[in-house]
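Spelled out, the chains give:
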Amino acid sequence: MEDIFDNILNSKESTDRKRKTEDLVDSEDTKRTHVNEEDEDIDFDDIDLDEITPEEIEKMLQEADKIETTRLDISGIKQIILELEKIINENQKMRMKYATDPLKFEDSEYALHEQIKKCSVFATESKVYPTLVKLDFIGTLSYLLVHDNIVISTDVIKLLDDLTDDETILMDTTGEAVSLIDTVISKNLPQVLVSNLSRLQDDSSIHEEGFDATLNVLDHLIEIHPDVLETLWTTDLLKVLLHQLEKSTASDLSLHCSELLFSLISYKDKVDSIASKPVLSPSLIESVGLDRVVRRFAVAVAIARPRIAE
């Protein structure tokens, strides 16, 4: 199914690029052939502002109206979310109708993939977060997180990664953006995210991206609400992290797993607060040395394994 969807994405993107190229060629041909026609595009860079005629101003306004912009007022936000809900319903209907023939619902799957990407605009303005909470946008993402198509699920995880970025939340002077983090936690998304990691165990790039983005989201939540670590101890996160580390060679992902593992252990054993407990990072490796980092991780694993057996 993932291979089919990857082919769909590649095909769609290739077609889009081809259309854009053809449109560009057609546009250039039109300019060369009809340079004196009234509908010729205005080159704004070559215009002397003191010599603009009323007709040219009107033409500029018409061109500006053609530019697609995303409004982030209540109306614009509702429009994006309602369109997402519409596509979700269509995708669900097509999946139920053609359950044994994925090609029949490929278009709705691609539309869903594209609409989720459009929702990333929300992450650019933390002031819209309270509105997202009121419209239960997090509830919608929670539903999509367990979508049968792992590509769609990973799209959602990446979106959550952007939305929950702790720097964005902490920079919000109104203090209202944190309501989104509170909602993510109250809707049990940390548990769902951990459970979903069991679907991201292959070595494919989409699985690795989803796994790493999941750890990012958990990191963000911990930074804002450290007590979420208590919840994570009730999940299989520790087992998943150790399993990932045992099968992985040295990589950014294994390093990320180590960081979160140390955070879990230090919190549970009450060694230090999350804020002061050092974790693995590139700077730590440079200053301490890789061999000492490896030994330190071995100690962490030794502490963690008995807890897994309990």
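An unreviewed UniProt entry annotates the protein as Beta-catenin-like protein 1 N-terminal domain-containing protein originating from Blastocystis hominis. Its UniProt record gives the protein a comment under Subcellular location (unreviewed entry), which states: "Nucleus".

Draft legend 1. Representation of the pattern of salt bridges. Under the definition given, this model contains six salt bridges. Here K93 makes a salt bridge to E90, at a shortest N to O gap of 3.3 Å. In this pair, K93 and E90 both sit in helix α3 (residues 74-97), three residues apart, roughly one turn of the helix. For D148, the salt bridge goes to R95, with nearest N and O atoms at 3.7 Å. With D148 in the loop between α6 (137-145) and α7 (150-163) and R95 in helix α3, the pair connects residues that are 53 residues apart, well separated along the chain. What you see here is one network of salt bridges that share partners, running through R95, E109 and D148.

Draft legend 2. Inspection of the environment of L242 at higher detail. Mapped onto the elements of the fold, L242 is located in helix α13 (residues 237-247). Through-space distance from the C-alpha of L242 to that of S254 is 9.6 Å; in sequence the pair is 12 residues apart.

Draft legend 3. Local environment of unusual backbone geometry. Its identity is not glycine, yet D136 carries a phi of approximately 55°, on the positive side. Tracing the backbone through its elements, the reader meets D136 in the loop between α5 (129-134) and α6. Of note in the backbone geometry, N188 takes a positive phi value of approximately 65° without being a glycine. Summarising the element assignment, N188 is placed in the loop between α9 (178-186) and α10 (189-196). Residue N188 is classed as partly exposed on the basis of its relative accessible area of 40%.

Draft legend 4. The arrangement of the packing of α6 against α10 in detail. Viewed as axis vectors pointing N to C, α6 and α10 meet at an angle of 20°, and their least axial separation amounts to 11 Å. By the angle between their axes, α6 is roughly parallel relative to α10. In this structure, α6 crosses over α10, and the sense of that crossing is left-handed. Residues I138, S142 and L145 of α6 lie in contact with α10, whose contacting residues are L189, V192, L193 and N196.

Cut-offs and rules
- Residues numbered from 1 in each chain as written.
- Predicted model: local features only at pLDDT ≥ 70, side-chain atom pairs only at ≥ 80, totals over all residues.
- Heavy atoms only, no water.
- UniProt positions renumbered as here; feature names shortened; annotations may be inferred.
- Salt bridge = Lys/Arg side-chain N within 4 Å of Asp/Glu carboxyl O.
- Helix = DSSP H or I, 4+ residues; strand = E, 2+ residues; numbered from the N terminus.
- Buried < 20%, exposed > 50% of the residue type's maximum accessible area, 1.4 Å probe, protein only.
- Axes fitted to C-alpha atoms, helices over the stretch in contact; angles between N-to-C directions.
- Parallel < 35°, antiparallel > 145°, perpendicular 65-115°, else oblique.
- Left-handed = near helix turned anticlockwise from the far one by under 90°.
- Contact = heavy atoms within 4.5 Å.

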